[in-house]
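Residue-level structure breakdown
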Amino acid sequence: MPNTALSLSQEVSPRVRGLFIKNLGDFQTELARVLAGFLPSLVVWQQRKELPALTFRSLRRVQDLRQRGRELGVSFEEMHFSGAVAGRGLIEKLCSAPNTGDLFQAGMVIIHSALIKGIEDYLKRNDDVYDLPSVALLEADRDELKAQIAWAQNALQQLAAEQCSIPSEEFIGAISEACADLPKILSEHNVRSATPIKTGRRIGVLPFNDAKLPSGFRHLEFGPEGLAKAADYAARSRYHASNFLQEVQAADSCASMLFEAPDMPWDFYLDLSRHTWDEARHAMFGEAKLAELGTSAAEAGLSTKAYAMRQTLTPLDRYAALSTQEADAFPGKHIGLKDSVAHKDALSAKAWSYDIADETQHLRFGTKWIPVMIEMVGEPRSYEQVKVDACNWRESVLAEVYKPAAATFEKGKK
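Just so it is clear, the model here is predicted, and its values are computed rather than measured.

So, about the nonpolar core. Counting 89 residues, the largest nonpolar core has Phe27, Phe104, Ile111, Leu115 and Phe268 as its most contacted members. Considering each element in turn, this core owes the most residues, 13 residues, to helix 5 (residues 100-124). Excluding anything up to four places from it in sequence, phenylalanine 268 contacts Ala261, Tyr319, Trp369 and Met373.

This is the structure we're talking about:
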């Protein structure tokens, strides 16, 4: 009789049932981080610019799940300990995806399908009034997973048509086998502590030291050529559009950092996913303006130099470099906004306005999270010194890399 009572107590306990919600949220956090880590390797432009939005949407669903878990009495620590996540072995297998086709088929079709099964199993045991607040959130998460499966299936058709990368039976079979017990693991996993990761992560093929150029894009080794001081507005608007397009490198850097970052408070990953999506949107601002000017993103071209150089930095210094760059760029952004308004260029004015709003938020993110990361990794430098080092790196290292483009431009003017 006591055993029966104990079993009943566990079965009806909100805290025990909420354990599934916690594990689901933690697993989806790590899954989103891995998918983000592959962003710099995507060669289909449409997929490169759209995946960041999916990553952010996934973590927004997790944010809701975490809040519901707290309401049910589940212990959701502020910190996210990646080593304690349910299904950790499956996550690590995914980090070895041989190509983009394997990533989409395994990470967004097979694993998402297993997560949907787990959610639906949970919902079958919660079809009465008691846990209705969980139902809407889980249904929203399930619907997002279904939408991402559809996106991935379309992406796989694109890859097959362009013969970019076809899923390998061996890898897909291994992931499918590992997924078999995922719903059960999410219901039962209960690790109470884990050693925090304090260094940049390296698992499988991640992270990538350099980004790939999207198919059909012109390669700009040193970025867009400089702009003459006497350039007219048509030349200025084209130049700025090309530079907006280069923000895909910032999206790639943020995405790789989302995977690599040490264990941090969970909200950091949500903010960084938003930062990643914003930078992808900024690249799309440039694409839209270039189209208005009668050209294309592929014709304008991309560089990967900034991404590759930032990959030589630790996640802390990389994040600081991106944040300080945001702060220093505001004067030029406001000049660009005034210039576009004066020339009645609505598309460029909107791009500048939203860019300023987004970058202001990114600066807030950096001000909030750099001191936290300093503490998490045991960095001996002060916050101010980290910022100074980031500024010095941009001026003495990154700027030097782009000097050949400026030199070529100066030579062309003679």
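Bringing helix 7 (residues 169-179) into the picture now. Given 3.6 residues per helical turn, the α-helix brings residues three or four places apart onto the same face. Every buried residue of helix 7 is listed here: Phe171, Ile172, Ile175 and Cys179. Along the axis of helix 7, the buried residues cluster in a sector spanning 95°; they form a single face. Relative to its buried face, helix 7 has exposed residues pointing more than 90 degrees away, namely Glu169, Glu170 and Glu177.

Before going further, it helps to examine unusual backbone geometry. Look at the link from leucine 206 to proline 207: it is a cis peptide, with omega at 0°. The phi dihedral of lysine 344 falls on the positive side, at around 55°, and the residue is not glycine. With respect to the helices and strands, lysine 344 occurs in the loop between helix 14 (315-342) and helix 15 (346-377).

A few words on the packing of aromatic side chains. Describing an aromatic ring pair means giving the distance of the ring centres and the angle of the ring planes. Under the definition given, this model contains ten aromatic pairs. Seen from their ring centres, phenylalanine 20 and tyrosine 122 are 5.1 Å apart, and the 15° between their planes marks the pair as stacked. Linking phenylalanine 20 in helix 2 (residues 14-37) with tyrosine 122 in helix 5, this pair joins segments that are 102 residues apart in sequence. Tyrosine 122 matches phenylalanine 20 in its accessibility class, with the two residues each being buried. The interplanar angle of 25° and the centroid separation of 5.4 Å between the aromatic rings of phenylalanine 56 and tryptophan 277 together place this pair among those described as stacked. Of the two residues, phenylalanine 56 sits in helix 3 (residues 45-71) while tryptophan 277 sits in helix 11 (residues 266-292), which places them 221 residues apart along the sequence. Among the residues examined, phenylalanine 56 registers a relative accessible area of 12% and is labelled buried. Look at tryptophan 277 and you get partly exposed, because its relative accessible area is 26%. When the ring centre of phenylalanine 259 is taken as origin, the NZ or CZ atom of arginine 201, which lies over that ring, is 4.5 Å away.

About the cut-offs
- Residues numbered from 1 in each chain as written.
- Predicted model: local features only at pLDDT ≥ 70, side-chain atom pairs only at ≥ 80, totals over all residues.
- Heavy atoms only, no water.
- Core = buried A, V, L, I, M, F, W, Y, C linked by side-chain atoms within 4.5 Å.
- Buried < 20%, exposed > 50% of the residue type's maximum accessible area, 1.4 Å probe, protein only.
- Helix = DSSP H or I, 4+ residues; strand = E, 2+ residues; numbered from the N terminus.
- Contact = heavy atoms within 4.5 Å.
- Arc of directions from axis to C-beta.
- Phe/Tyr/Trp six-rings, centres within 6.5 Å; stacked < 30°, edge-to-face > 60°.
- Lys NZ or Arg CZ within 6 Å of the ring centre and 35° of its normal.

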